[in-house]
Structures are given as C-alpha cells and as structure tokens.
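Observations on the three-dimensional arrangement
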Amino acid sequence: MTRVLACLLLALYATLAQAAQLDLQVELDPAARRFKAVADVAPATKDFRFLLHEDLAVTSASAGGKALRPTAGASRGGAREWRIALPAGVERVRIDYAGALPALDRHLDHRGVLRALPPMASAEGSFLPAGGAWYPAPTALFSYRLDVTVPAGQRAVAPGTLTAESADAGGYRARFEFDQPADGIDLMAGPWVVREKMVPRASGEALRLRTYFTRELDAVPGLADGYLDDTQRYLERYAGQIGAYPFAGFSVVASPLPTGFGMPTLTYLGADVIRLPFIRATSLGHEVLHNWWGNGVYVDYAKGNWSEGLTTFMADYAYKEQASAEAAREMRLGWLRDFAAVSAGDHTPLAGFRSRTHGAAAAVGYGKSAMLFVMLRDMIGDEAFGKGIRSFWEKHRFTRAGWSELRAAFEEASGKRLGEFFDQWLNRAGGPSLAIAGARMGASGKRLQLTIEQSAPAYAMRVPVEIVYQDGSETRWIDVTRAREQVDVDLPATPAGVRLDPELRVWRMLDRDQLPPILRQWTIARSPRLAIAGDAQDVHEAAGALAQRLFETPPRTVPLDAVSGGTPLMLIGLHADVDTALARNGLPPRPPSLSGKGTAQVWTVPRNEGAPLAVVSAEHAGALRALLRPLPHYGAQSWIIFDGSRAIERGVWPAPGKLVKVAL
Ligand SMILES: [Zn+2]
C-alpha cells in the first residue's frame, strides 16, 4: 500500500533533564504574512544563542526592565544565529521579534516529499513547523505556553492543552500549554470550521476531540463526525492495549500541504486526502498511536527508530489482521516484496534506521521492523507480548528509549532471553534465504526427515512448515540454528508434500517464484534505464516526464536493444511501437488479458533472466501524460489498466509457493 503520509517524528538529542520553559505570545496575520511575537524565556545558559528564520529579526530584548543588546550572525541555510548575553543574576529574558513570513509554498521534491520547511503563511493556511526557527528555543527540550492571535475568520492550533479560547470581531485568541518536554513548537492556522466532541474520562477531565476542517470538508456529510468518532475509537483502543492516553485532547487539522504530519495531540493532514476512506481507516489510527510511540515514549534516535515499526504493527497491520488472515498475509508479502526490490548493496541494518527518506529505508524501517514484532509475538505469545508493551509504556513514557529498552520489557514479560533474536534482526543487514533441501519419510512411515537450508552465517529462527496431506494440512514450527538443519518430525500419516513458511511469517529473502515483479522494483531502482519506442516528439516528452515522476533516481535513456541484460528497464511508447519493439527483441508480447483495454496499459514482464522489464503503453501521448499523477501510487502492482488517469483494473501476477514432494 502506498502511504501518502510521511511521519516526520521529531528528533530528540538533548537530555530531558534540561527541560526549560518558554512563554510565547504570537500575533499572526496570515493574509499579510505579518508575524510579531514576544518571547519570555529562561535559557539554559547565560550566553543565550538561538536561531531565527532570516525573515524574522529581534526588535528588542530586555531582562528585569533593562535593555539588552542582541547580536546577529550571518544567515546560513535560511536562518541566522542570535546571541544575547544575560547579566549575572538574571534568569529570564524578554525578546520582541517580528517579520514578514515566506508565502506558503509546497516545497516538494519531484517525488512529492516535503523538504525541511520554513515558517510559511497564507490566508488559505499557515504552517510554522517546529524546525522552522520561528521562536527562540531555550534549549533542545522545553515546555511551553503559547498565546496566539489571528484575525477574525482564522483559527490557530498547536500541540498541547487548549486552556483558553475566545473569538470576536477583533480576532481569534487561543492558549496552548505543553507541560511535557517538547523538542519544538508547531503552529498552524487556517480559515477552518472547528467541530468538537468532549469525551468523558474516568480519570477526571474530559478529552477534547476536534476537527479543524476547511469549509468544503466540513460540508461533506458525516465527515467531521466520522473523524471525531474514529479518533475516539482509536484512543480507546490504544488506551486499553497500552495505557491511558497521556494528553488532554486530539485534533485532526486540515493542511493545504499535500502530505501529513503526526504531532503530539494532533495530526496535520492534507485537505486533499482527508476525504480518502483509507486515511480514516488506517492513517488516522497510525497517527493517533504515535502519541504513545514517538510522542509519548520518545525515540532515542542515536540508537535507532523503533517507533515506526511498532506503530505500523499495532496500527496498519493490526487492522489487516482484524479484517482477515488473507489481508494480513498480503501485507506481510508486501513488506517482503518491497524488501526484495531493494538491491543488496542498499541493504542496511534496522538498527540504523532513523526516518523514511527513500524507499529502501522504508522497506527496513517500516516493513522489516513491523515483521520483527510479528515474529516476536509468534515466539513469546500474545499475553507476554501485551504485557511487554504495557510495561515498556509504563516505564518509559516521556523519556527516550531505544531497542534495548524494548527488548528488556519483552524479556521481563516473557521470561525468555531475547538478545540473539533482537541482535540478528537489528544489527544484520538483509535476511536469510531459506529453502527445504530435502523431505523424506523414514522406514516407519510416521517420521519425516526434513532438511532446511539457509544462507550462511545462519540465523536462529522458528520456521513454520506446512505439512500437506491428501485431505488437509497442518503447520509445524521448526527451530533452525544452522545453515543446514536436519530434523525429524513425527507425523500421523505420510504427507504428500511440505511447504516452507507459506504464510510468510518469517523475515527472509523471497525466492523469485514467490516474487511477482511489481512496479516498485523500477521506482526504487538504483540505476534505472528508460527506452522509448517510436520517434514522435510529444511521446518522448511525455515519456521523459513520466519517468521523472516515477523513478527515485533519474533514469538513463538507452536504445531499445538494451533489454537483454543489466539494471531495471522501462519501455514507454504508443501501442504499435511497443508491440513492434517487443517482437523485434524477442520479448513476451503484450499480455492478452490487458490487450485492447483502457487508454494505457502498464505491466511488468515476469522472466527468469535478462534485465527486469516493465512496459508503459498508451493510445496516444495524452494518455501517457494522464499517468503522471496516478502511476507513482501503484508501486505494489504488477499490472494496471488506465482509462485516462483512472486505474480501472490492476493486479499482481500470481506466485504459487513451492510444494516440496516427500520422498518415500
Ligand atoms: Zn508513522
């Protein structure tokens, strides 16, 4: 599944003990992009240094009524360092600063990923990100109180508890207090309609759930109410599984930017995607859960990011498990398939994952990480797993924790030593290749001699093996620790065959016959190649633009006869030219199941040798251009038929698991 949400979790590098306080009063006029603020801050050091965006400047600074002289350095990377020397005996300093913020700009790279954002303002929406240098941070971690004023018609929101609010013809004012150590402040404003649902809590104060939607979104029947109800459902679900929700509310905030962020107490989602059903069904729960994992227990980034894997496992994957065993298997296949599409040179250990920066990192930081939790729960059982989760939360909420703290919690809960398990899945790159090398019935007819081989050095694993009889099957879990493991398995009858891990519950390199080619292999290829069929100028332009949208690395354009070997190749052209090119190079023709359908057809070519080949074939150049926006979203598919920009059919080529016959 393509996630449109990139979770940008906040980096925490300093010690929590240093948490200091920042009081901030902000006046923001989004239409004029005018920003004015007064900060009352208790810096951690007397030589107070802080960054401000280059469009903002300190107008005055004082302590105890006495004026101080701030100095500013040169602008570097869009921000400059300011210095204020605090006189002896002075703890707090007042800083007045102001400026005109940059206009809202989507700041997207060619793959639609947000780069580091400056503070931005516009009447349709303003976003002042935590990393945008729009306030003088007293230290790396601090608690804050933020008073914000925006003109009438606008609303503003920030992470924290809403403790005061008023609106009249003069404007909208709100106060947000964040008592826990935060590593920054995100401030958002927009012409929103606000809906609210108060949910009583046994512990006292009611939870304040809100939507901050655009007028159009708010007018969609049932949408805001649906989000409020679903938010409540997710909060209750995770409070039950983990521990009480640690904040006073949660808001779903519409953004003019096309992607999404998870922050403490809120999620800032592209207005374009809020209507999509899977956002409410999946991404909302994922972002809510980050209030426990990431914004509740902080990630110790120096030691690796466990929170995306655990959140994916307890949200996205858990919802699939709830839907059906098949849906859950499909998700596991997706993880293994995505990983198989990463070239061996790009394999990195999970312990090194920090954040999603490209497809290869996501395959490890989300997929492998979530699978680690699947394997862990298979090994220690549901009960110990749940106990480990709850004690990890209890012990580490609002402190930084790494994989070793997670391991300790699960060891305590299960009474098992898990050092080897975590070590091999975290610190080794890649994964084992596994196969059944032999299956033979002993003379008694009741004992199966099974040989399982894996690539060296061997992993220690429990591997499920399906024993297939004439009239059914059963699964046995086999402990494997060596590159060639021989085990005897007592069986009630002679089986017809055996299948290794058909449900894909073990992280490993899948065989080619379990791996139908999917488009993502081209998308994330390190040095992809592009061949264009035909000579028409408009086709060449459309093909070039499409390749630029689709590939993470710009492709090299090669002649058509390059299909024989090398790195992943994509052939793009009009139908007749494509058919000719395939025939001339002795390649499989257009699949009959696709032929004649839609205005464009995209397919991967399953073949055992030669360069991986994918084909994009269209009726005319306009039909190619229509794929620019939608095609990058279909990375998990082997084939897609488009009518204009709409996918009307799609699928993955079938990949039967191998049944190993039992020798008698
Ligand atoms: Zn996430």
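Just so we're clear, the structure is a prediction, and the values are computed from it rather than from any experiment.

**Topic: the overall build of the protein chain**
A count of helical and extended segments in the protein chain gives 14 helices and 35 strands. A compact globule built from 664 residues should have a C-alpha radius of gyration of about 26 Å, and the protein chain, at 28 Å, falls within 12% of that. Its C-alpha atoms put the protein chain at 95 × 70 × 50 Å along the principal axes. When the 664 residues of the protein chain are sorted by exposure, 54% land in the buried category. Look at the contacts in the protein chain between residues 6 or more apart in sequence, and 69% of them connect residues 24 or more apart. Split by element, the accessible area of the protein chain, about 27,700 Å² in all, is 50% carbon and sulfur. Of the side-chain charges in the protein chain, 74 are positive and 70 negative, and the distance between the mean point of each set is 2 Å.

**Re helix 2 (residues 223-241)**
Between its first and last C-alpha atoms helix 2 spans 27 Å; for 19 residues at 1.5 Å apiece the expected length is 27 Å, and the two agree. For helix 2, the complete set of buried residues consists of Leu223, Ala224, Gly226, Tyr227, Leu228, Asp230, Thr231, Gln232, Tyr234, Leu235 and Tyr238.

**A closer look at the nonpolar core**
One finds Tyr97, Trp293 and Leu450 to be the most contacted residues of the largest nonpolar core, which totals 168 residues. Counting 26 residues, the second-largest nonpolar core is a separate cluster that includes Ile532, Ala542, Leu624 and Ile640.

**Some remarks on the pairing of strand 8 (residues 93-100)**
One ladder, built from 8 bridges, connects strand 2 (residues 34-41) with strand 8; its direction is antiparallel. Residue pairing across strands places aspartate 40 opposite arginine 94, the latter belonging to strand 8.

**A look at helix 8 (residues 382-396)**
In an α-helix, one turn spans 3.6 residues; hence positions three or four apart end up facing the same way. Here helix 8 is 15 residues long and its end C-alpha atoms lie 21 Å apart, about the 21 Å a rise of 1.5 Å per residue gives. Those residues of helix 8 that fall on the buried side of the exposure criterion are Ala384, Phe385, Gly386, Gly388, Ile389, Phe392, Trp393 and His396. One or two steps after helix 8, the chain reaches phenylalanine 398, where phi turns positive at roughly 60 degrees.

**Focus on the packing of helix 9 (residues 403-414) against helix 10 (residues 419-427)**
Put simply, helix 9 and helix 10 touch, their axes get as near as 10 Å, and they point 150 degrees apart. Classified by the angle between their axes, helix 9 and helix 10 sit roughly antiparallel to one another. Of the two possible hands of crossing, helix 9 and helix 10 adopt the one that is right-handed. Along the contact surface, helix 9 presents Trp403, Arg407, Phe410 and Glu411, while helix 10 presents Gly419, Phe422 and Leu426. A class-by-class count of the residues in the contact of helix 9 with helix 10 yields 4 nonpolar, 1 polar and 2 charged.

**Overview of the packing of aromatic side chains**
Within a pair of aromatic rings, the relevant descriptors are the distance that separates the centres and the angle that separates the planes. The tally for this structure, following the rule as stated, stands at 38 aromatic pairs. Geometrically, the ring pair formed by tyrosine 234 and tyrosine 319 is tilted, given 5.6 Å between the ring centres and 40 degrees between the ring planes. Here the residue tyrosine 234 occupies a position in helix 2, and tyrosine 319 occupies one in helix 5 (residues 307-323), the gap between them amounting to 85 residues. Exposure class is identical for tyrosine 234 and tyrosine 319. Each is buried. The aromatic ring of tyrosine 227 is capped on one face by arginine 280, whose charged end is 5.8 Å from the ring centroid.

**Details of the pattern of salt bridges**
Here the structure, examined in full by the defined rule, presents 34 salt bridges. Here aspartate 29 and arginine 34 are joined by a salt bridge, their closest N and O atoms 3.4 Å apart. What makes arginine 34 exposed here is its relative accessible area of 52%. With its nearest N and O atoms 3.1 Å apart, the salt bridge here joins aspartate 47 to arginine 83. Of this pair, aspartate 47 sits in strand 3 (residues 47-53) while arginine 83 sits in strand 7 (residues 79-85), and the two are 36 residues apart along the sequence. Judged by relative accessible area, aspartate 47 falls into the partly exposed class, the value being 30%. You can call arginine 83 partly exposed: its relative accessible area is 35%.

**A short note on the confidence of the model for the protein chain**
For the protein chain, mean pLDDT is 90; residues scoring 70 or higher make up 93% of the total. Below pLDDT 50 for its whole length, residues 1-19 participates in 71 contacts with residues either more than four positions away or in separate chains. Within the model, pLDDT remains below 50 along residues 109-115, and this stretch shows 18 contacts once partners closer than five positions in the same chain are excluded.

**Things to note about the side chain of aspartate 501**
When you line up the elements, aspartate 501 lands in the loop between strand 27 (497-500) and helix 11 (520-523). Judged by relative accessible area, which is 0%, aspartate 501 ranks as buried. Looking at aspartate 501, its side chain comes within polar contact range of the main-chain nitrogen of valine 506, at 3.2 Å. Among residues more than four places away in sequence, those in contact with aspartate 501 are Pro464, Val465, Val506 and Arg508.

**What to know about unusual backbone geometry**
In the segment running from alanine 456 into proline 457, the intervening peptide bond is cis, with an omega of -5 degrees. Along the chain, proline 457 turns up in the loop between strand 23 (447-454) and strand 24 (461-469).

**So, the sheet that holds strand 27**
The strand order across the open sheet built from 4 strands is 25-24-27-35, with neighbouring strands paired in antiparallel fashion. Two strands lie at the open edges of the sheet, namely strand 25 (472-480) and strand 35 (660-661), each paired on one side alone. Here 2 bridges tie strand 27 to strand 35, and the two strands are oriented antiparallel to one another. By the bridge assignment, glycine 497 is partnered in strand 35 with lysine 661.

**Some points on the pairing of strand 25**
The two faces of a sheet get side chains in turn, since along a regular strand they alternate between them. Two elements, strand 24 and strand 25, share 9 bridges in a ladder whose sense is antiparallel. Counted as the bridge partner of valine 465 is arginine 476 from strand 25. From the end of strand 24 to the start of strand 25, which pair antiparallel, there are 2 residues.

**Here's the deal with the packing of helix 8 against helix 9**
Between helix 8 and helix 9, whose axes approach to 8 Å, the crossing angle comes to 130 degrees. It follows that helix 8 is oblique to helix 9 by the angle criterion. Read as a crossing pair, helix 8 and helix 9 show a hand that is right-handed. The segment helix 8 lies against helix 9, with Ala384, Phe385, Lys387, Gly388, Ile389, Ser391, Phe392, Lys395 and His396 engaging Glu405, Leu406, Ala409, Phe410, Glu412, Ala413 and Ser414. A class-by-class count of the residues in the contact of helix 8 with helix 9 yields 8 nonpolar, 4 polar and 4 charged.

Rules behind the numbers
Residues numbered from 1 in each chain as written. Predicted model: local features only at pLDDT ≥ 70, side-chain atom pairs only at ≥ 80, totals over all residues. Heavy atoms only, no water. Helix = DSSP H or I, 4+ residues; strand = E, 2+ residues; numbered from the N terminus. Rg over C-alpha atoms; globule rule 2.2 N^0.38 Å. Buried < 20%, exposed > 50% of the residue type's maximum accessible area, 1.4 Å probe, protein only. Contact = heavy atoms within 4.5 Å. Areas by Shrake-Rupley, 256 points an atom, 1.4 Å probe, with all protein chains shown as cover. Lys, Arg positive; Asp, Glu negative; His and termini not counted. Charge placed at Lys NZ, Arg CZ, Asp CG, Glu CD. Expected span 1.5 Å × (residues − 1). Core = buried A, V, L, I, M, F, W, Y, C linked by side-chain atoms within 4.5 Å. Pairing = 2+ DSSP bridges. Axes fitted to C-alpha atoms, helices over the stretch in contact; angles between N-to-C directions. Parallel < 35°, antiparallel > 145°, perpendicular 65-115°, else oblique. Left-handed = near helix turned anticlockwise from the far one by under 90°. Nonpolar A, V, L, I, M, F, W, Y, C, P; charged D, E, K, R; others polar. Phe/Tyr/Trp six-rings, centres within 6.5 Å; stacked < 30°, edge-to-face > 60°. Lys NZ or Arg CZ within 6 Å of the ring centre and 35° of its normal. Salt bridge = Lys/Arg side-chain N within 4 Å of Asp/Glu carboxyl O. pLDDT = per-residue confidence, 0-100. Polar contact = N/O pair within 3.5 Å; in protein donor to acceptor, adjacent residues only side chain to side chain.

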